[in-house]
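Architecture at a glance
The lines below spell out each chain.
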Amino acid sequence: VGLGNLWRFPYLAAKYGGGSFLLIYVILAVTFGFALMITEIALGRKTGKSALYAFSTLHEKCGFIGILASIVPIIILPYYCVIGGWVIKFAWAFLTGSGNAAAADDYFSNFIASSGAAELWFLIFSALVFIVILAGVKNGVELVSKIMMPVLVLLAIFVAGYSVTRPGAMEGVKYFLIPNFENFSPMTVVAAMGQMFYSLSIAMGILYTYGSYLGKDVDIEASTKQV
């Protein structure tokens, strides 16, 4: 729950049909996506391994799938850290009273064009992530998530509430929620499928790892329904 759903999802929905995109996405998520999530989590729990070793543990000829799955988060990591650096930079600007300057049209373009500035915030974000991971799954990732996820929900509610008060917002809401198949195209299905993999973290080596930490008494199907 982060860039994939709060940032990538809205612009893809706007580009590929609004309500039509949303409908196709939901259908894919509760069918194809649901089945894939259960499969990946179950494989992780059965083997007790990360993606790199889960497939080879299951069958020695399938080890290459684990390698491919592990490459994906390695590729995604710098992408997330760059954008994470942008977020930290803007958060810092607002917290230090530079909100008006940060809201200017040219603030972002000047920031990423500035030699060393974007790289500095990239390193700061990367260091914060490294510290969390260094603390481990329970004392790092889980502990931070218990704090940050509720904050994220509150921020999302606030931003959504503010957004619908803007001029013309209701037209945007109608476009997003009401399917209009005049806007439908084959790319709507392709984009919705890609977003489903992205936002559910499927085929990224992530769910295998989560599954490897899952207790044997946990109902995988019920957990996946909650997700």
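Located above this text is the structure these notes cover.
Report follows, based on the coordinates. (Residues numbered from 1 in each chain as written. Predicted model: local features only at pLDDT ≥ 70, side-chain atom pairs only at ≥ 80, totals over all residues. Heavy atoms only, no water.)

**Thoughts on the overall build of the protein**
The number of helices and strands found in the protein is 12 helices and 0 strands. When the helices and strands of the protein are listed from N to C terminus, the series reads α-α-α-α-α-α-α-α-α-α-α-α. Along the longest, intermediate and shortest principal axes, the C-alpha atoms of the protein span 55 × 45 × 30 Å. Residues classed as buried in the protein amount to 28% of the 227 residues present. Look at the contacts in the protein between residues 6 or more apart in sequence, and 72% of them connect residues 24 or more apart. Per element, the accessible surface of the protein, about 14400 Å² overall, is 71% carbon and sulfur. Charge-centre separation for the protein: the mean point of 13 positive side chains lies 7 Å from the mean point of 11 negative side chains. (Helix = DSSP H or I, 4+ residues; strand = E, 2+ residues; numbered from the N terminus. Buried < 20%, exposed > 50% of the residue type's maximum accessible area, 1.4 Å probe, protein only. Contact = heavy atoms within 4.5 Å. Areas by Shrake-Rupley, 256 points an atom, 1.4 Å probe, with all protein chains shown as cover. Lys, Arg positive; Asp, Glu negative; His and termini not counted. Charge placed at Lys NZ, Arg CZ, Asp CG, Glu CD.)

**Re the packing of aromatic side chains**
Enumeration according to the criterion identifies 10 aromatic pairs in this entry. Between Phe 90 and Tyr 107, the aromatic rings sit 5.4 Å apart at their centres with planes inclined by 75°, giving edge-to-face as the arrangement. Of this pair, Phe 90 sits in helix α4 (residues 63-95) while Tyr 107 sits in helix α6 (residues 107-113), and the two are 17 residues apart along the sequence. Relative to Phe 108, the ring of Phe 90 has its centre 6.3 Å away and its plane inclined at 40°; by these criteria the two rings are tilted. Linking Phe 90 in helix α4 with Phe 108 in helix α6, this pair joins segments that are 18 residues apart in sequence. Accessibility expressed as a relative area gives 32% for Phe 108, which makes it partly exposed. Aromatic ring contacts, followed pair by pair, group Phe 9, Phe 21, Tyr 25 and Phe 176 into a single cluster. (Phe/Tyr/Trp six-rings, centres within 6.5 Å; stacked < 30°, edge-to-face > 60°.)

**A look at helix α10 (residues 186-199)**
The terminal C-alpha atoms of α10 lie 20 Å apart, and with 14 residues this matches the ideal 20 Å at 1.5 Å per residue to within 8%. Buried residues of α10: Thr 188, Ala 191, Ala 192, Gln 195, Met 196, Tyr 198 and Ser 199, and no others. One side of α10 carries all its buried residues, which in axial view fall inside an arc of 165°. Where α10 ends, the next residue or the one after it, Ser 201, has phi of about 60°, a positive value. (Expected span 1.5 Å × (residues − 1). Arc of directions from axis to C-beta.)

**Brief notes about the side chain of Arg 8**
Considering the arrangement of structural elements, one finds Arg 8 in helix α1 (residues 3-15). With no salt bridge to any partner, buried Arg 8 finds its closest opposite charge in Glu 40, at an N-O distance of 15 Å. Of note is the side chain of Arg 8, whose polar atom sits 2.7 Å from the side chain of Gln 195. In this view, Arg 8 contacts Leu 3, Gly 194, Gln 195 and Tyr 198; residues no more than four positions away in its chain are not counted. (Salt bridge = Lys/Arg side-chain N within 4 Å of Asp/Glu carboxyl O. Polar contact = N/O pair within 3.5 Å; in protein donor to acceptor, adjacent residues only side chain to side chain.)

**Digging into a nonpolar patch on the surface**
Side chains of Leu 52, Tyr 53, Phe 64, Ile 65, Ile 67, Leu 68, Ile 71 and Ile 75 sit close together on the surface and give an oily, nonpolar patch of about 750 Å² of accessible area. Considering each element in turn, the nonpolar patch owes the most residues, 6 residues, to α4. Within the secondary structure, Ile 65 is located in helix α4. Of the residues examined, Ile 65 reaches a relative accessible area of 31% and is grouped as partly exposed. (Patch = residues over 30% accessible without salt bridge, like charges linked within 9 Å, V, L, I, M, F, W, Y side chains within 5 Å.)

**Digging into the side chain of Ser 70**
With respect to the helices, strands and loops of the structure, Ser 70 is situated in helix α4. Separated by 2.8 Å, the side chain of Ser 70 and the backbone oxygen of Gly 66 make a polar contact. Ignoring anything within four residues of it in the chain, the contact list for Ser 70 reads Ala 51 and Leu 52.

**Remarks on unusual backbone geometry**
Here Ser 201, not a glycine, exhibits a phi torsion of approximately 60°, which is positive. Note on placement: Ser 201 falls in the loop between α10 and α11 (206-212). Positive phi values are uncommon outside glycine, yet Ala 203 reaches one of about 65°. With respect to the helices, strands and loops of the structure, Ala 203 is situated in the loop between α10 and α11.

**Topic: the packing of α1 against helix α2 (residues 19-47)**
Where α1 contacts α2, the two axes come as close as 8 Å, and the packing angle between them is 125°. Considering the angle they form, α1 stands oblique to α2. Between α1 and α2, the residues in contact are Asn 5, Phe 9, Leu 12 and Ala 13 and Phe 21, Leu 22 and Tyr 25, respectively. Here the contact of α1 with α2 is built from residues that sort into 6 nonpolar, 1 polar and no charged. (Axes fitted to C-alpha atoms, helices over the stretch in contact; angles between N-to-C directions. Parallel < 35°, antiparallel > 145°, perpendicular 65-115°, else oblique. Nonpolar A, V, L, I, M, F, W, Y, C, P; charged D, E, K, R; others polar.)

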